[in-house]
Structure formats: structure tokens, C-alpha cells
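Residues per chain are reported as follows:
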Amino acid sequence: QVHLEESGGGLVQAGGSLRLSCAASGHTFSSARMAWFRQEPGKDREFVATINWNGDSTYYADSVKGRFTISRDNAQKTMYLQMSGLKPEDTAVYFCAATWGGLDPTSWTSYHSWGQGTQVAVSS
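Residues numbered from 1 in each chain as written. Predicted model: local features only at pLDDT ≥ 70, side-chain atom pairs only at ≥ 80, totals over all residues. Heavy atoms only, no water.

Draft legend 1. Layout of the overall build of the protein chain. If you tally the helices and strands in the protein chain, you get 0 helices and 11 strands. Ordered by position from the N terminus, the helices and strands of the protein chain form the series β-β-β-β-β-β-β-β-β-β-β. Since a compact globule built from 124 residues should have a radius of gyration of about 14 Å, the 13 Å found for the protein chain is in line with a globular shape. Each of the three principal axes of the protein chain carries a C-alpha extent, and together these read 40 × 30 × 25 Å. Total accessible area on the protein chain stands at roughly 6,200 Å², and carbon and sulfur atoms take up 49% of it. Each charge sign in the protein chain was given a centre, from 10 positive and 11 negative side chains, and these centres are 3 Å apart. (Helix = DSSP H or I, 4+ residues; strand = E, 2+ residues; numbered from the N terminus. Rg over C-alpha atoms; globule rule 2.2 N^0.38 Å. Areas by Shrake-Rupley, 256 points an atom, 1.4 Å probe, with all protein chains shown as cover. Lys, Arg positive; Asp, Glu negative; His and termini not counted. Charge placed at Lys NZ, Arg CZ, Asp CG, Glu CD.)

Draft legend 2. Focus on unusual backbone geometry. With phi around 50 degrees, Lys77 is a residue other than glycine that occupies positive phi space. Take Lys77: it is sitting in the loop between β7 (68–73) and β8 (78–83).

Draft legend 3. Up close: the environment of Asn74. Within the fold, Asn74 resides in the loop between β7 and β8. By relative accessible area, which is 25% here, Asn74 ends up partly exposed. It is 8.5 Å that separates the C-alpha atoms of Asn74 and Trp53, two residues lying 21 residues apart in sequence. With near-sequence residues (within four places) excluded, Asn74 lies in contact with Phe29, Ser30, Trp53 and Asn54. (Buried < 20%, exposed > 50% of the residue type's maximum accessible area, 1.4 Å probe, protein only. Contact = heavy atoms within 4.5 Å.)

Draft legend 4. Highlighting the pattern of salt bridges. A complete count under the given rule lists 5 salt bridges for this structure. The closest approach of N and O atoms between Arg38 and Glu46, which form a salt bridge, is 2.9 Å. Taking the shortest distance from any N to any O, the salt bridge between Arg38 and Asp90 comes out at 2.9 Å. Taken as a pair, Arg38 in strand β4 (residues 33–39) and Asp90 in the loop between β8 and β9 (92–99) lie far apart in primary sequence, 52 residues in all. As far as the burial class goes, Arg38 and Asp90 line up, both buried. One salt-bridge network, in which partners are shared between bridges, spans Arg38, Glu46, Arg67 and Asp90. (Salt bridge = Lys/Arg side-chain N within 4 Å of Asp/Glu carboxyl O.)

Draft legend 5. Layout of the sheet that holds β7. The strand order β1-β3-β8-β7 describes an open sheet built from 4 strands, whose pairing is antiparallel. Only two strands of the sheet have a single partner each, and these edge strands are β1 (3–7) and β7. Each adjacent strand pair in this sheet contributes to an overall mean axis angle of 15 degrees, direction not counted. (Pairing = 2+ DSSP bridges. Axes fitted to C-alpha atoms, helices over the stretch in contact; angles between N-to-C directions.)

This is the structure we're talking about:
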């Protein structure tokens, strides 16, 4: 497993952009499928995007497709989420997660390691 730490959250106006980073420590980052999830208070954790071990395959939730881009740099042990065209409904705590073999890459139950989360707030 790896230790994950998110950064880059903040307050932004609707239509603005943010880039989230997820820094990993440990030796297994480059073999992990990585993902971003988000969670609003009182709601279930929601899938946002996932990327495979070498970055050549990505998948997005319909709600963010065309606005968010997931990427990774295995040499830097870092994953990113570039968010543009932000909407108030994107407001949530964003978590990065890693898995080495879960069945469903869009389900939070498939992921083994989690960061502590970073808050994103989008004002209208």
C-alpha cells in the first residue's frame, strides 16, 4: 500500500479552474490503479475519475466528462485532477485512492488506500 496526500483544493467561482494533486509515498504507486472520488456531507462517496497504472486508460463520471482531466506522473509518484468549468455542484471533499486489484474501478469499495481529502468549494 501507499500513503496518499491530496492538495490543491480551495474556493473558486463558478466557471473557474483548480488542479488537485495526490502525492504518494511507497514503492507500489506505479503499479496501482488510481482514482478520484468526492463526498458531500451526508452523502455517499461519489466516483469522479480513474486512471490505470501507466496512464493510457482513463474513465470519467458523466457529471465531469469533458470538464475534468485525470493524469499521473509515476516518476514523481503523483496523480492529478485538472478541473475546469467548475460548477457549484462540484463542491465536495475530494479524495484520491489507490487499488491493486479491485473488481469495479468506479466503486469506492475496490480501493485499498485513501488520502485524507481536500475541500473544493465552488461559489455561484
